[in-house]
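Below are the chains, spelled out letter by letter.
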Amino acid sequence: MSKLRAAGLGAASLLILAGASPAQERGFYAGYTASVEQFDATFSKSVDNTDPDTLVPEPRRGMVFHDQDSADTVDIAAGFVVGYRTAPGDGDAYLSTEFDVMFHSGEPDGRLAGVGTSPDRKQLGESWPDAWSLDKKRSYGLTLRLGFLPESLQSRDMSLYLLGGVRLFKSRFSTTFEGCLNAEPCSASEFVSGADGRDVDAVATTWGVGLEKRFGSGEYARSIALRFEATYSRWGDESWVADFPDVRVTVPSTVAAEGVGVTVSMVRLFGAAD
């Protein structure tokens, strides 16, 4: 990851600092971006004891226990962007296609309440009160921006735009557990404990609005753009099933998430004239 981060930041720096003709409304651009997001994640788990040959004893035999927990955190991320902008029509609007890589720090964590028939909800066939966390490591985004140049903002070298895109998150979901794996009830000293983890590659859709301010002087007049955005992102549900064939129990699980944030970017435009 460190090599990827260094290569990407180095490429963005070269594109920004390299000599180029004055920026126009179409052409390539590159720069840096940072965001702060209120990120909410929900972990859902079911314990299915309906297999006819399950070893789960009564009264839990044949039952399905559902449990769910939500947690939130503030995710601070930074990265780099590259894109291409074009100005169709009479030049009162522009369209850009952008790719970015972001490195995240958000990691919501929580604990399931546990669902079952015993006081501690830790016997075989119950939904144990697992602790869980979702570590957002990095993400890759592809975003379209449709910009408008209202007359009231043109004199200030500003524009408004709408954005929409998709983002692939490379994350790590982890749980720690403690409970009984025996058909006969366990005492607390007989509980087994451990940890489990899996990579979660979630795809999210992102929507938002933004304001862009162009500035610069001399040869590079209007070649620098500062952008402010408000965005909403929603993950598609990531689901999996853990199978325990020795006791004939299955555990379907799902992680879902969403976030509301603000993003600030600075990019250098170095396009060709129309």
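Structure shown above.
Conventions adopted
Residues numbered from 1 in each chain as written. Predicted model: local features only at pLDDT ≥ 70, side-chain atom pairs only at ≥ 80, totals over all residues. Heavy atoms only, no water. Helix = DSSP H or I, 4+ residues; strand = E, 2+ residues; numbered from the N terminus. Buried < 20%, exposed > 50% of the residue type's maximum accessible area, 1.4 Å probe, protein only. Phe/Tyr/Trp six-rings, centres within 6.5 Å; stacked < 30°, edge-to-face > 60°. Lys NZ or Arg CZ within 6 Å of the ring centre and 35° of its normal. Core = buried A, V, L, I, M, F, W, Y, C linked by side-chain atoms within 4.5 Å. Contact = heavy atoms within 4.5 Å. Salt bridge = Lys/Arg side-chain N within 4 Å of Asp/Glu carboxyl O.

**Student:** I keep staring at unusual backbone geometry and nothing clicks. Help me out?
**Tutor:** Across the chain, the bulk of peptide bonds are trans and the bulk of non-glycine residues have phi less than zero. At the junction of E58 and P59, the peptide bond is cis and its omega measures out at 5° in the coordinates. Take P59: it is sitting in the loop between strand 1 (27-48) and strand 2 (64-86). Positioned with a positive phi, R121 is a non-glycine residue whose angle comes to about 55°. Along the polypeptide, R121 turns up in the loop between strand 4 (109-111) and strand 5 (131-148). Overall, the relative accessible area of 27% leaves R121 in the partly exposed class.

**Student:** What exactly am I supposed to notice about the environment of F65 here?
**Tutor:** Position of F65 relative to the elements: it lies in strand 2. For F65 and V115, which are 50 residues apart along the polypeptide, the C-alpha to C-alpha distance reads 6.2 Å.

**Student:** Would you take a moment to explain the packing of aromatic side chains for this structure?
**Tutor:** Ring pairs (aromatic) are described by centroid distance and by the angle formed between their planes. A full pass over the atoms with the stated rule returns eight aromatic pairs. Here W128 and F177 contribute two aromatic rings whose centre-to-centre distance is 6.3 Å and whose plane-to-plane angle is 35°, an arrangement assigned as tilted. Of this pair, W128 sits in the loop between strand 4 and strand 5 while F177 is found in strand 6 (residues 158-179), placing the two residues 49 residues apart along the sequence. Since its relative accessible area comes to 28%, F177 is described here as partly exposed. Among the aromatic residues, ring-to-ring pairing joins F43, W132, F173 and W240 into one connected group. Between R85 and the ring centre of Y94, over which it is positioned, the NZ or CZ distance is 4.1 Å. Cation over ring: K136 sits above F39, and NZ or CZ is 3.9 Å from the ring centre.

**Student:** Can you walk me through the nonpolar core in this structure?
**Tutor:** Taken as a class, soluble globular proteins show a tendency for nonpolar side chains to be buried jointly. If you look at the biggest cluster of nonpolar residues, it comprises 16 residues, and the most contacted ones within it are W132, L134, F173 and W235. Secondary structure elements with two or more residues in this core: strand 1, strand 5, strand 6, strand 7 (192-215) and strand 10 (249-269). Residues contacting W235, with those up to four places away along its chain left out, are F39, L134, K136, F169, S171, V200, A202, V203, A204 and A257.

**Student:** Where do I start with the environment of P52 in this structure?
**Tutor:** Here P52 shows up in the loop between strand 1 and strand 2. The exposed category is assigned to P52, whose relative accessible area is 64%.

**Student:** What am I meant to see in the side chain of S96 here?
**Tutor:** With respect to the element layout, S96 can be found in strand 3 (residues 93-104). Leaving out residues up to four positions away in the same chain, S96 has contacts with Y29, Y84, R85, T143, L144 and R145.

**Student:** Just to check I follow, could you spell out the pattern of salt bridges for this structure?
**Tutor:** Once the charged atoms of two side chains with opposite charge are near each other, the side chains can pair. Using the criterion set out here, one finds 17 salt bridges in the structure. D100 is the salt-bridge partner of R167, the closest N and O atoms lying 2.9 Å from each other. Pair noted here: R167 is in strand 6 and D100 is in strand 3, with a separation of 67 residues, a long-range link. Like D100, R167 is buried. R172 is paired through a salt bridge with D199; the nearest N and O atoms lie 3.0 Å apart.

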